[in-house]
Amino acid sequence: MNIKPELSIIVPVYNVQNHLELCLDSIINQSFKNREIIIIDDASTDNSAKIIHEYEKCFPEVSAYFMTKNMGVGDIRNLGIKYANGAYIGFVDGDDWLDNDFYYNLMSYIKNDNSDIATCGIKDEFNNFISGHIRYKYEIHNCINGKYALKLLTKSENFNSFITPIVNNKIYNRTFIVDNKIKFNSNRSFQDDFFSFFACLHAKRVSLVPDTYYHYYQRLDSVTHVFSKNLIDNCFDTLIQIRTVLEEDNLMDYYIKEYYSFVERCIKSLLSMMLHKEADSCIQKKYLKYIFEIIAHNFNIHFLIDYLDTNRIFDFWGVR
């Protein structure tokens, strides 16, 4: 008789052979043991598939799937949700790693709080793997409602806390995800923003978990670290897709402030990436023209002005 695992850990993999063993070792050696590990290789061209085969042979909790055509991380995660047997779901990228008690802590809080989502801190990690710095953290445990969680995600109000759209520092009640049809979009970047917006919107309760971290490796060659027109397109396409779903579900009037705050947050993130990743001022101007053309074509300027926080915009541009 097969006993279903409590937790399904979904690991999309694409060309991360130099980091994959560290990632998988940190999952295998978690203090929380009642789990399955679903590894999906997204048509890697390096030795990632060979490493996955070795772990599948050695560890019975590992199930491996190998794509013949590259799909992108969002579609791979959707596939992982389909394959998952656990009551709860977590995501780990193949070049990141976890604190030893990461899932034990998250599972304890999500069950005790009867939450739909549990989220914790993130440490950014760089090439030496030992000098990471804290990106987000929660000082104490708190259980909040989904309406408040959406405000923290979108920064629609000036609170002292924040929920990142990154999905990897969270676990989710699988029934909650499936029943609300929450999925990733197919964009190559900003797919976390799409998923997290609707996860927070539909959640009844969200647990904020202290004292544990997801270690987020900053690869300079990753999609989110190379600025391009594709990155701009993915950002605005995601925002337009969110708006479309809200309008189709007759929710836009109710969540209009949160939506336009999220638009602001994403655009500011995009501009910050441009300033940090592209040093050539002439190329920056071309990107800015392209961004403003998309905004003018796809967004009501009156709504943007009504709902954007001008103080935050002025602060970003150093006006004050």
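Residue numbers run consecutively from 1 along every chain, following the written order of its sequence. The model is predicted, so local features are restricted to residues of pLDDT at least 70 and side-chain atom pairs to those at 80 or more, both for listing and for counting; the totals for chains, interfaces and linings are taken over all residues. The side-chain numbers reported here are obtained from all heavy atoms of the structure, hydrogens and water having been left aside.

Undergrad: Explain the packing of aromatic side chains to me, please; I cannot follow it from the model alone.
TA: Given two aromatic rings, one states the distance between the centres and the angle between the planes to describe the pair. Note on aromatic contacts: the rings of Phe and Tyr and the six-membered ring of Trp form a pair at centre separations within 6.5 Å, being stacked when their planes are under 30 degrees apart, edge-to-face when over 60 apart, and tilted otherwise. Throughout the structure, instances matching the rule amount to 18 aromatic pairs. Centre to centre, the rings of Phe102 and Tyr214 are 6.1 Å apart; their planes meet at 55°, and the pair counts as tilted. Of this pair, Phe102 sits in helix α4 (residues 102-112) while Tyr214 sits in strand β10 (residues 205-217), and the two are 112 residues apart along the sequence. Of the residues examined, Phe102 reaches a relative accessible area of 0% and is grouped as buried. Put simply, DSSP H or I for four residues or longer makes a helix, DSSP E for two residues or longer makes a strand, and each gets a number counted from the N terminus. Categorising residues by exposure relies on relative accessible area from a 1.4 Å probe, with only protein chains included: less than 20% of the type maximum marks a residue as buried, more than 50% marks it as exposed, and the intermediate range marks it as partly exposed.

Undergrad: It is not clear to me how the environment of Asn127 should be interpreted in this structure. Could you clarify?
TA: In this structure, Asn127 sits in the loop between β6 (117-125) and β7 (133-136). Separated by 55 residues in the primary sequence, Asn127 and Gly72 have C-alpha atoms spaced 24 Å apart.

Undergrad: Help me out: how do you make sense of the pairing of β6 in this one?
TA: A regular strand carries its side chains on alternate faces of the sheet. Among the 9 residues of β6, 8 are classified as buried, and the element is accordingly described as predominantly covered. Relative to strand β9 (residues 170-173), β6 runs antiparallel, the two sharing 3 bridges. Looking at β9, one finds that Thr119 is bridged to Lys170. Examined bridge by bridge, β6 and β10 share 8 bridges and lie parallel to one another. Residue pairing in the sheet places Ile117 in a bridge with Val206 of β10. Whether two strands pair comes down to DSSP finding at least two bridges between them. As paired elements, β6 and β7 share 3 bridges and run antiparallel to each other. Across the sheet, Ile122 pairs through a bridge with Tyr136, a residue of β7.

Undergrad: I would appreciate a short explanation of the nonpolar core in the present structure.
TA: Looking at soluble globular proteins, one finds that nonpolar side chains tend to be buried together. Side-chain atoms within 4.5 Å are what join buried Ala, Val, Leu, Ile, Met, Phe, Trp, Tyr and Cys residues into a set we call a nonpolar core. Membership of the largest hydrophobic core comes to 64 residues, with the highest contact counts inside it found for Phe195, Phe236 and Leu270. Looking at this core, the element that brings in the most residues is helix α9 (residues 252-277), giving 13 residues. Filtering out sequence-adjacent residues up to four positions away, Phe195 remains in contact with Ile81, Phe91, Val167, Tyr172, Ile177, Ile182, Lys183 and Phe184. In this structure, Val13, Ile27, Tyr55 and Tyr214 belong to the second largest nonpolar core, which totals 34 residues. Residue contacts are defined here by distance: any two heavy atoms, one from each residue, within 4.5 Å place the two residues in contact.

Undergrad: What should I look at first to understand the side chain of Thr154 in this one?
TA: By the element assignment, Thr154 lies in helix α5 (residues 146-154). Reaching out from Thr154, the side chain makes a polar contact with the backbone oxygen of Leu150 at a distance of 2.8 Å. Setting aside residues no more than four positions away along its own chain, Thr154 makes contact with Phe197, Glu258, Ser261, Phe262 and Arg265. By the criterion applied in these results, polar contacts are pairs of N or O atoms within 3.5 Å in which, for protein atoms, one can donate a hydrogen and the other can accept it, and in which residues neighboring in sequence qualify only through two side-chain atoms.

Undergrad: Please explain the packing of helix α8 (residues 229-248) against helix α10 (residues 281-298) as it appears in this structure.
TA: Each axis is a line fitted through C-alpha atoms, taken for helices only over the stretch in contact, and angles between the N-to-C directions span 0 to 180 degrees. Close contact between α8 and α10 brings their axes to 11 Å; oriented N to C, the two are set at 15°. Compared by their axis directions, α8 and α10 come out roughly parallel. Where α8 crosses over α10, the handedness of that crossing is right-handed. Facing α8, whose interface residues are Lys229, Ile232, Asp233, Phe236, Ile240 and Arg243, α10 presents Tyr287, Tyr290, Ile291, Ile294, Ile295 and Asn298. Looking at the contact of α8 with α10, its residues break down into 8 nonpolar, 1 polar and 3 charged. In this scheme, roughly parallel covers angles under 35 degrees and roughly antiparallel covers those over 145, while 65 to 115 is roughly perpendicular and the rest are oblique. The crossing is said to be left-handed when, going from far helix to near helix, the turn is anticlockwise and less than a right angle, and right-handed when the turn is clockwise. Classes in brief: Ala, Val, Leu, Ile, Met, Phe, Trp, Tyr, Cys and Pro nonpolar; Asp, Glu, Lys and Arg charged; the others, Gly included, polar.

Undergrad: Can you help me understand the packing of helix α3 (residues 73-83) against helix α7 (residues 191-202) in this one?
TA: Interaxial distance between α3 and α7 falls to 9 Å at its minimum, and their mutual angle equals 45°. What the angle tells us is that α3 and α7 run oblique. Contacts between α3 and α7 involve Val73, Gly74, Arg77 and Ile81 from the first element and Gln191, Asp192 and Phe195 from the second. Across the contact of α3 with α7, the residue classes break down as 3 nonpolar, 2 polar and 2 charged.

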